[in-house]
Amino acid sequence: MGQHSAETASSSSSLMTDFLRQAGGAAVIDGGLATELESHGADLNDPLWSAKCLLSSPHLIHRVHLDYLEAGADIIITASYQATIQGFEAKGFSKEEGETMLKKSVEIACEARDTYYERCSESSCDVAGDGKILKHRPVLVAASVGSYGAYLADGSEYSGNYGDAITLETLKDFHRRRVQVLVESGPDLIAFETVPNKLEAQAYAELLEEEDIRIPAWFSFNSKDGNNVVSGDSLVECASIAESCKKVVAVGINCTPPRFIHGLISAIKKEYNIHCNHGEHDMLLVSARHANDLAVTTKPILIYPNSGEFYDATIKEWVQNTGVSDEDFVSYVNNWRKAGASLVGGCCRTTPNTIRAIYRTMSNRSPV
Ligand SMILES: C[S+](C)CC[C@H](N)C(=O)O
Ligand SMILES: N[C@@H](CCS)C(=O)O
Ligand SMILES: [Zn+2]
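The rules behind the values
- Residues numbered from 1 in each chain as written.
- Chains lettered and ligands numbered in written order.
- Predicted model: local features only at pLDDT ≥ 70, side-chain atom pairs only at ≥ 80, totals over all residues.
- Helix = DSSP H or I, 4+ residues; strand = E, 2+ residues; numbered from the N terminus.
- Buried ≥ 20, exposed ≤ 12 C-beta atoms within 10 Å, placed from the backbone.
- Contact = placed C-beta atoms within 7 Å.
- UniProt positions renumbered as here; feature names shortened; annotations may be inferred.
- Core = buried A, V, L, I, M, F, W, Y, C linked by C-beta atoms within 7 Å.
- Pairing = 2+ DSSP bridges.
- Axes fitted to C-alpha atoms, helices over the stretch in contact; angles between N-to-C directions.

1. Some details on the overall build of the chain
Counting its regular elements, the chain contains 15 helices and 10 strands. The burial tally for the chain puts 52% of its 368 residues in the buried class. The contacts of the chain with a sequence gap of at least 6 include a subset with a gap of at least 24, amounting to 78%.

Shown next, in the form of C-alpha cells:
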C-alpha cells in the first residue's frame, strides 16, 4: 500500500469490506473525469483522450478530483484510463517518460486527497455554506486501467471487438508493465473499468496472479443492451471471472445507460439471504438455488453509469440530450441500492452535480 493509503485498509483482501463498513455500508464513487476536464476547457480530441491532460494540464486533473471529493465522492479514479506506455510512445515519448506519466496520474489523485483532507481540517462543519462536503472520511484512490479498446482511441471500448489477431497473451503483454507501474505508484486499488469483453477480463485476472499484484482490484464491465457486455459476451460469464479471482474486491458496471443498470445488478448479484419460513422453507430454498445458478457474485457490487447519451466515435463527441437529467439519474439510485449495489457513482457525462445528488440520496446510508 502506498504512503497515502486510506486509514481503512488493514489488508488487501479486506480493504473494500472494511472501507464499506466504515462508510456505513455504502460509498460514493466520483463522476466523469474526462467530461469534467472538457467542461473546464480541455481539448480531448487526441489519441490520449483524458490522459493528454497529464502532459498539458495536471492542475486541471487535481482540480477535478477535488471537485468530486467536495461533491461527496469517497473514491476518486485516476486520469490513467487512456494512459498507456504504448500510447505515449506513439506520441514520441520514451518508455520511461510514459511510465512517469502513469505514476503522475496516481500522484495527482493522492495530492488532491491530501488537499481535501487539509480543507476538511480547516473547516468547522461537514457541509460548508456553499454546499461543499468537507467531512473527514476515508477516501480511496483507484488507479484506472482502461481497455485495449480505449488505447485504440476509436470507441472500441464500446464494441469490444478486437479481431482474431488479438489474443489473451497480446492483452496481458499490453497491460503488464502499465499495471505494474500504477501499482508501484501507491494507489489503494486498481479500477479495471469499461471492460468490454471476456478475453480482457481473463487477461486482467491472469495478470493479477502472474504479477502477484499486492493491492486489490475492481472489475467494471459496460453494456449497451442490458443483457451482455458490449462485445456480446455474457455478463454473467465475465462476472464469474472476476468472482473467481481472489484479488478482485468488487464487481460491477460502468459507462452504461442508467435504464439498464437494475437488470444488470440482478443478473450478477448472488443472494445469501434465504428466508426459512416453515412450510414454505423447501420451496424458497429451491427458488433461491435456481436464482443462484444464474447469478454469480457475492462481492460488493459497484455501478457508475453514464448519462445514457450516445457517443459518436467518428467525431469523438457525445450526441447531446439523448440521455437523462441529473434528477432522473438520481431517481434510480435507491432502486440500485435495493437491488444490491453498495458503491454508486457516475461515468461519462456525469458531473459533480450528479455526484452531489447521489451523495444526498445515499446520505442515510444503510447497509444493503
Ligand atoms: C469512454 S469513451 C467516451 C473514451 C474515448 C475513446 N476511447 C476515444 O479516444 O475516443
Ligand atoms: N474514468 C474514466 C472512464 C471513462 S469510460 C473517465 O471518467 O473519464
Ligand atoms: Zn465512461
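2. Side note on the UniProt feature "binding site: Zn(2+)" (unreviewed entry) in the chain
Listed under "binding site: Zn(2+)" (unreviewed entry) in the UniProt record, and renumbered for this structure, are Cys255, Cys347 and Cys348. Taken together, the annotated residues stretch across 94 residues yet fold into one region, lying no more than 6.2 Å apart by C-alpha. Tracing the backbone shows Cys347 in the loop between strand E10 (341-344) and helix H15 (352-361). With respect to the helices and strands, Cys348 occurs in the loop between E10 and H15. What makes Cys348 buried here is the crowd of 20 C-beta atoms within 10 Å. If we skip the residues at most four places from it in the chain, Cys348 touches Gly32, Ala34, Thr35, Cys255 and Asn306.

3. Things to note about the nonpolar core
Membership of the largest hydrophobic core comes to 114 residues, with the highest contact counts inside it found for Ile76, Leu189, Ile190, Trp218, Phe219, Ile303 and Val344. Here this core takes 8 residues from helix H6 (residues 95-122), the largest share from any one element. In this structure Val344 touches Val28, Ile29, Ile303, Tyr304, Val333, Trp336, Arg337, Ile358 and Met362, once residues within four positions along its chain are discounted.

4. Notes on the environment of Leu343
If you trace the backbone, Leu343 turns up in strand E10. Through-space distance from the C-alpha of Leu343 to that of Ser13 is 17 Å; in sequence the pair is 330 residues apart. With residues up to four places along the chain from it excluded, the contact list for Leu343 reads Ala27, Ile29, Ala250, Pro300 and Leu302.

5. Here we look at the sheet that holds strand E3 (residues 140-145)
One open sheet accounts for 8 strands, arranged E1-E10-E7-E6-E5-E4-E3-E2; its pairing is parallel. Sheet topology places strand E1 (27-28) and strand E2 (75-77) at the edges, where each strand pairs with a single neighbour. Relative to strand E7 (residues 301-304), strand E6 (residues 248-254) is paired through 4 bridges, and the arrangement is parallel. Residue pairing for E7: Gly252 is matched across the bridge by Leu302. Helix-sheet contacts for H6 involve E2 and E3, and the interaxial angle to E3 is about 160°. Contacts from helix H10 (residues 235-243) reach strand E5 (217-221) and E6 within the one sheet, and its direction differs from that of E6 by about 155°.

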